[in-house]
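One letter stands for each residue in the lines below.
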2 protein chains.
Amino acid sequence: MNPTRSIVDENKDRFLEELISFLKIPSISADSAYKEEVVRAADWLMAQFNSLKMDKVEKFPTKGHPIVYAEKIVDPSLPTILTYGHYDVQPPDPLDLWHSPPFEPVIKDEKIYARGACDDKGQLYMHLKAIEILQRQGELPCNVKFLIEGEEEIGSDNLEHFVQEHKELLKADIILVSDTSMIANDVPSITVGLRGMSYMEVEVTGPNRDLHSGVYGGSIDNPINILCEMIASLKDENGAITIPGFYDKVEELSKTQREFLAERPFDREAYMNDLEVDDLRGESGYSPLERASIRPTLDVNGIWGGYIGEGAKTVLPSKASAKISMRLVPNQVSSEITDLFTEHFLKLAPSTVKVKVRPHHGGEPAVVSTESLGYQAAAKAMEDSFGKTPIPTREGGSIPIVALFQKELGLDTVLMGFGLDSDAIHSPNEHYGVFNYLKGIETIPYFHRHFAELNKG
Amino acid sequence: MNPTRSIVDENKDRFLEELISFLKIPSISADSAYKEEVVRAADWLMAQFNSLKMDKVEKFPTKGHPIVYAEKIVDPSLPTILTYGHYDVQPPDPLDLWHSPPFEPVIKDEKIYARGACDDKGQLYMHLKAIEILQRQGELPCNVKFLIEGEEEIGSDNLEHFVQEHKELLKADIILVSDTSMIANDVPSITVGLRGMSYMEVEVTGPNRDLHSGVYGGSIDNPINILCEMIASLKDENGAITIPGFYDKVEELSKTQREFLAERPFDREAYMNDLEVDDLRGESGYSPLERASIRPTLDVNGIWGGYIGEGAKTVLPSKASAKISMRLVPNQVSSEITDLFTEHFLKLAPSTVKVKVRPHHGGEPAVVSTESLGYQAAAKAMEDSFGKTPIPTREGGSIPIVALFQKELGLDTVLMGFGLDSDAIHSPNEHYGVFNYLKGIETIPYFHRHFAELNKG
């Protein structure tokens, strides 16, 4: 067994215990009631960096939650790896669907169950343990910098400003992020494409108050019915989005590119069985994987209006609302899509209602080249630890900071993640495999070594 | 001034105080937390009947809330008026929209503000005060029976059984109900038509758990989007309902009948201004009033799914649900419409989701003849108290007991109500005009007298 793997195995229990301490802190960025817990998580992280004997460990306040920064410069002539992660987590609701409390981590069937186990604490903490291992083995092969924020789940609103104000501090040669998934535990992959996002909130108002649906039904347009009609019209019978201009900048992949991506293993039956759906539908002319990665989409994330309690209430409500988000692909621009949606949705409204549209945070799509040194270092690292060449994949999710780092720091991001789609991130019973956690800790030191090597050449 | 009016004026303050005591009791039938308050309201009512020296005052238990019964038989050869009402009220939510607490009645601008002020406590209690007045003036001209239930707002589920089991007790010559509205305070009207109802609850399930909308969006059909599409398809571009067979039994009114109903005053501008809507739309070929009275309708009363809290959450939810009700007109049959809806809605579901449909309580539509003795007595009574002939109107709301009484007791119901559409029943800030309350107390004794007279002839 290789030395890196040995160290991992010898320290496995402690590595897990430390992660569990991290997971116990309910650092829910979206909920102002947990503001102090978020800070507590930042402090915990800083203590871990301190025990790794970083040169610099700082907590930068922002208008929101603090940013944790750490660095160790071994030798200015060495390449510098900037690792990004986030210590905040998604809200855990609905609580009643969790089998164990979201902030009381348990290890069951070789998986760590907790909110944040995979997204992002488990994946983030692997990097700190990787540094510990590299230090045990000698000098760090690269300089290391860590930029860990507390607002990723709520849009990283203060990150852009921080990055703009600290370009010198953040100077590096590559950005490394573990916040994505692999195809399978025996099919390693590296994410080379991410979708962007445009997130809208809409409100349809009809009458100025809730009405009796007998007295007014039929005469007064019902805002819920109208909202449903407006939302339904956003896609056509082929599953394509009908917003004018929406697809104008979408990069169509070539036949060759699509064939290459299609080589990624996909077990349609297992996919459907895992979710207990009887069929898959979507945009005509594209496979399920393509629909979830190289095509833009529109989903209603939440809808509400009228009486939603127990029993029956015959109300014709004053308002109906929805949260609607679109995943974007290169070269769609988030702010442009937001404007196109807003213009179109307002036009859809019949004369009987008033519509408000407001945007939440967005993010740009991103693609990274497999020719880059960062990608090559990651590919070699995974070959070392998995014994197989990883497959480059385009993912459906969004990591807005990738476009931000490209724009502000001129740097590519390597998305070398160790999660699985089945980890149920953003859902109840989120978990992270012990295998995956330890495999990441084993792989990351190889990345540091290979990146140093490739930069010499 | 006529003697009846004098008595009303002399006792006005006490009449209002007594009603206010009644209104203070939060007899919310839909909410099991208020079960004891509902009983307290029944008891209060019984005490009032007792002070009116009824022959019989009883509280009948049911599987749900109790039924209050009272009677005074003056002379078996006299006609008997059975008055129906309900002492339960709608839930008051949303509480934050009330200007004064729903169960702390206030009189402002000559209106009594409280949940139940109009529907139905104010309108019901007028009848008890009318009995008091008749008693002061001599013998009651008719025998009187009172059937007051506590479950009207939740579907009167136990009323049918009670009526079937007590046909002898409930024997009468007419049923009198005040639970509808007039056109205006200076335009008295009597309701001769009511819509029926079919109330459905639907649930669309896609994946077996909430999903990350980046990882799965585009590949997995979103239950909220699907629900919106299914609901949107229930009406066509002309505002007609697309459920096959839905209109088969709808009685089309003749040109003459429609012209007659159209003579009812309708101020379109005032109607729209009151509700602050800029336009009115609905089923093509019908006026706003017709759409709200002689045509069947479909309204979504509530819709929910996904994340509906503060901020943004990128979830592709497992489920989406809605409460959908249809108002019916003669001769549609509630259970048939329920079946047609269910069959159609289940068929609408694409193969990617599973749909559940379950019915809530329904009710049949009803029409009463203006030739009947009951109608004539009511018309004459209103002529006496208003100085004008009332207009017969078809209302949009449902009062399922009207069809029940016809079926089980063979009796017509006279819907002589004194509310106004602007009373905001089922909404926040429900109120009942002092004018209307007192006018009803004045009119009802005339009804009793005229009904006795007409039955002699």
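In case you missed it, the structure is sitting above this.
Each chain has its residues counted from 1, following the order in which its sequence is written. Each chain takes a letter, starting from A, and each ligand takes a number, starting from 1, following the order in which they are written. Selection of residues for local features in this predicted model requires a pLDDT of at least 70, selection of side-chain atom pairs for listing and counting requires 80 or more, and totals for whole chains, interfaces and linings are taken over all residues. With hydrogens and water set aside, each side-chain value is computed from the structure's full complement of heavy atoms.

Right, let's get into the pattern of salt bridges. Salt bridges are defined as contacts in which a side-chain nitrogen from Lys or Arg sits within 4 Å of a carboxyl oxygen from Asp or Glu. All told, the structure shown has 63 salt bridges over all chains when counted by the stated rule. Between Arg40(A) and Glu37(A) there is a salt bridge, and its shortest N-O distance comes to 2.8 Å. On the criterion of helical spacing, the pair formed by Arg40(A) and Glu37(A) is a turn pair, its members being 3 residues apart in helix α3 (residues 35-51). For every residue, the accessible area obtained with a 1.4 Å probe (protein chains only) is divided by the maximum for its type, and the residue is called buried under 20%, exposed over 50%, and partly exposed between those limits. Under the relative-accessibility criterion, Arg40(A) is labelled partly exposed at 43%. Glu37(A) gets classed as partly exposed once you look at its relative accessible area, which sits at 23%. For the salt bridge of Arg281(A) with Asp221(B), the shortest nitrogen-to-oxygen distance reads 2.7 Å. Of this pair, Arg281(A) sits in the loop between α9 (268-275) and α10 (288-291) while Asp221(B) sits in the loop between α6 (213-216) and α7 (223-232), placing the two residues on different chains. A relative accessible area of 31% places Arg281(A) in the partly exposed class. Three or more residues joined by partner-sharing salt bridges are found here, namely Arg14(A), Glu18(A), Lys129(A), Glu132(A) and Arg136(A). Helix and strand labels come from DSSP, where a helix needs a run of H or I of at least four residues and a strand needs a run of E of at least two; each type is numbered from the N terminus.

Turning our attention to the packing of helix α2 (residues 12-24) of chain A against helix α14 (residues 434-456) of chain A. Residue and element names in this part refer to chain A. Here α2 crosses α14 at 105°, and the two axes come no closer than 11 Å. Considering their axes alone, α2 and α14 lie roughly perpendicular with respect to each other. Contacts from Lys-12, Phe-15, Leu-16 and Leu-19 of α2 reach α14 at Val-434, Tyr-437, Leu-438 and Ile-441. Lines fitted to the C-alpha atoms define the axes, with helices restricted to the stretch that makes contact. Angles between their N-to-C directions range from 0 to 180 degrees. Any angle that falls under 35 degrees is termed roughly parallel, while one over 145 is termed roughly antiparallel, one within 65 to 115 roughly perpendicular, and all others oblique. Every residue pair with non-hydrogen atoms within 4.5 Å of one another is taken to be in contact.

Let us look at the packing of helix α7 (residues 223-232) of chain A against α7(B). Where α7(A) meets α7(B), the closest approach of the two axes is 8 Å, and the angle between their N-to-C directions is 110°. Between α7(A) and α7(B), the interaxial angle falls into the category roughly perpendicular. Once α7(A) is placed against α7(B), the crossing between them reads as left-handed. Seen from α7(A), the contacting residues are Cys228(A), Glu229(A), Ile231(A) and Ala232(A); seen from α7(B), they are Cys228(B), Glu229(B), Ile231(B) and Ala232(B). A per-class count over the contact of α7(A) with α7(B) returns 6 nonpolar, no polar and 2 charged. Each crossing is labelled by how the near helix is turned from the far one, with a counterclockwise turn of less than a right angle marking it left-handed and a clockwise turn marking it right-handed. Note on residue classes: Ala, Val, Leu, Ile, Met, Phe, Trp, Tyr, Cys and Pro are nonpolar, Asp, Glu, Lys and Arg are charged, and everything else, Gly too, is polar.

In this section: the relation of the copies chain B and chain A. Copies are brought into register by a least-squares superposition over C-alpha atoms of residues with pLDDT of at least 70 in both. Overlay of chain B on chain A (RMSD 0.0 Å): rotation 180°, translation along the axis 0.0 Å. Such values leave the two copies arranged in the relation of a two-fold axis.

Here the focus is the state of the cysteines. Throughout, a disulfide means two cysteine sulfur atoms within 2.5 Å of one another. For the coordinates displayed, the defined rule picks out 0 disulfides over all chains. The cysteine Cys228(A) is free of any disulfide, with Cys228(B) supplying the nearest cysteine sulfur at 4.0 Å. Note on Cys228(A): relative accessible area 0%, which makes it buried.

All right, on to the interface of chain B and chain A then. Where interface size is given, it is often the accessible area lost as the parts come together that is meant. In this complex, chain B contributes 83 residues to the contact, which on the side of chain A involves 83 residues. Here chain B packs against chain A, burying approximately 7500 Å² in sum over the two surfaces, 49% of which is carbon and sulfur. Our enumeration of links across chain B and chain A arrives at 7 salt bridges. What qualifies as a polar contact is a pair of N or O atoms within 3.5 Å, subject to a donor-acceptor requirement within protein and to the restriction that residues adjacent in sequence count only when both atoms come from side chains. Our count for the contact surface shared by chain B and chain A stands at 46 residue pairs in polar contact (both at pLDDT 80 or more). Looking at the side of chain B that touches chain A, its residues break down into 33 nonpolar, 29 polar and 21 charged. The term buried area means the drop in 1.4 Å probe accessible area that two parts suffer when joined, counted for both and summed.

This part covers the sheet that holds strand β5 (residues 111-113) of chain A. All names here are of chain A. In short, DSSP must find at least two bridges between two strands for them to pair. If you walk across this open sheet you meet the 3 strands as β4-β5-β20, and the pairing is antiparallel. One side of each edge strand has no neighbouring strand; the edge strands of this open sheet are β4 (106-108) and β20 (431-433). Direction aside, the axes of adjacent strands within the sheet are offset by 30° on average. Summarising the sheet, β5 and β20 pair through 3 bridges and their orientation is antiparallel. Paired with Lys-111 across the two strands is Gly-433, which belongs to β20. Contacting β4, β5 and β20, α14 crosses the sheet at an angle of about 60° to β20.

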